[in-house]
Amino acid sequence: KSLPQNHNLKTAAELGVSLGKMNLILSKALTSESEEVFLVLMESALWLESLNILQWPVGWLENKKVEIFNSIGEGNFYVFKVGGSIEAVIEIKSQPEQLWNYDNTPSLYIHKLAKRRNTENKRIGEIVLSLVSKIKSKREVSKIRLDCISSNQKLKEYYLSKGFEFCGNVSNGEVELSLYQKSIC
């Protein structure tokens, strides 16, 4: 289930996030932007692979392309644009997930957060997470939940530094994942 339609075209300022001179616009990804969204994801996957970080192996991502395009069509992907150009993408879901034992705590589930490698603002990942914490769906959301490959120590440390709480490791049948959550008010 995607977020309600009223989550379109919000500026960072409208969500209370200061970006200095950067005018970042958040909107749902359009199906016409599917290829560009996938390109941002692939760019990140290639970069991660070049650092020997197994977060999104390129072959795995290529196999998920149809699933990603379907998720875009279902309204689960958001794009962050600066000057009309997509600088970051994120998949946000609100249905309880198997990884979290279908816990019914009203939560936003974050997947596939990626940014362009050449973006001028090196803090865009942090900014995107900050923006997501400001989003409310029609039902009250109390947590942001996300996961990462359990061997990605740098990303795990990053999530902890941004106030996320480690909730344990689980297997999704393919890999071991570390779960994180953060309370939002």
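S.K.: Lay out the overall build of the chain in plain terms, naming residues and giving numbers.
M.R.: For the chain, the helix and strand inventory stands at five helices and eight strands. The secondary structure elements of the chain, listed N-terminal to C-terminal, are β-β-α-α-α-β-β-β-α-β-α-β-β. For the chain, buried positions account for 49% of its 185 residues. Taking the intrachain contacts of the chain between residues at least 6 apart in sequence as the baseline, contacts between residues at least 24 apart amount to 62%. Summing over all exposed atoms, the chain offers an accessible surface of approximately 9,400 Å²; the carbon and sulfur share of this is 50%.

S.K.: Can you break down unusual backbone geometry residue by residue, with the values?
M.R.: Non-glycine residue asparagine 52 carries a positive phi angle of around 60°. Within the fold, asparagine 52 resides in the loop between helix 1 (34-50) and helix 2 (58-63). Non-glycine residue tyrosine 102 carries a positive phi angle of around 55°. When you line up the elements, tyrosine 102 lands in the loop between strand 4 (85-93) and strand 5 (107-115).

S.K.: Let's hear about the pattern of salt bridges: which residues, and what values?
M.R.: Going through the model one piece at a time under the given rule, you end up with eight salt bridges. The salt bridge partner of arginine 116 is glutamate 36, with a shortest N-O separation of 3.1 Å. Of this pair, arginine 116 sits in the loop between strand 5 and helix 4 (124-134) while glutamate 36 is found in helix 1, placing the two residues 80 residues apart along the sequence. The shortest N-O distance in the salt bridge between glutamate 67 and lysine 64 comes to 3.5 Å. Looking at lysine 64, the relative accessible area reads 19%, which means it is buried. Each of the salt bridges in this network shares a partner with another, and the network as a whole consists of Glu36, Glu43 and Arg116.

S.K.: How would you sum up the nonpolar core? Please name residues and give values.
M.R.: Burial of nonpolar side chains together is a common tendency in soluble globular proteins. In terms of nonpolar packing, the biggest core is built from 23 residues, with Phe80, Ile90 and Val132 touching the most fellow members. Breaking this core down by element, the ones donating at least two residues are strand 2 (24-28), strand 3 (77-82), strand 4, strand 5, helix 4 and strand 6 (143-149). Of all hydrophobic cores here, the second largest spans 18 residues; its members include Met42, Ala45, Ile68 and Val89.

S.K.: Quick one: what's the story with the environment of serine 171, residue by residue and with numbers?
M.R.: Considering the arrangement of structural elements, one finds serine 171 in strand 7 (residues 165-171). Measuring from C-alpha to C-alpha, the distance between serine 171 and leucine 99 comes to 8.0 Å, with 72 residues separating the pair along the chain. Excluding anything up to four places from it in sequence, serine 171 contacts Leu99 and Glu176.

Cut-offs applied
Residues numbered from 1 in each chain as written. Predicted model: local features only at pLDDT ≥ 70, side-chain atom pairs only at ≥ 80, totals over all residues. Heavy atoms only, no water. Helix = DSSP H or I, 4+ residues; strand = E, 2+ residues; numbered from the N terminus. Buried < 20%, exposed > 50% of the residue type's maximum accessible area, 1.4 Å probe, protein only. Contact = heavy atoms within 4.5 Å. Areas by Shrake-Rupley, 256 points an atom, 1.4 Å probe, with all protein chains shown as cover. Salt bridge = Lys/Arg side-chain N within 4 Å of Asp/Glu carboxyl O. Core = buried A, V, L, I, M, F, W, Y, C linked by side-chain atoms within 4.5 Å.

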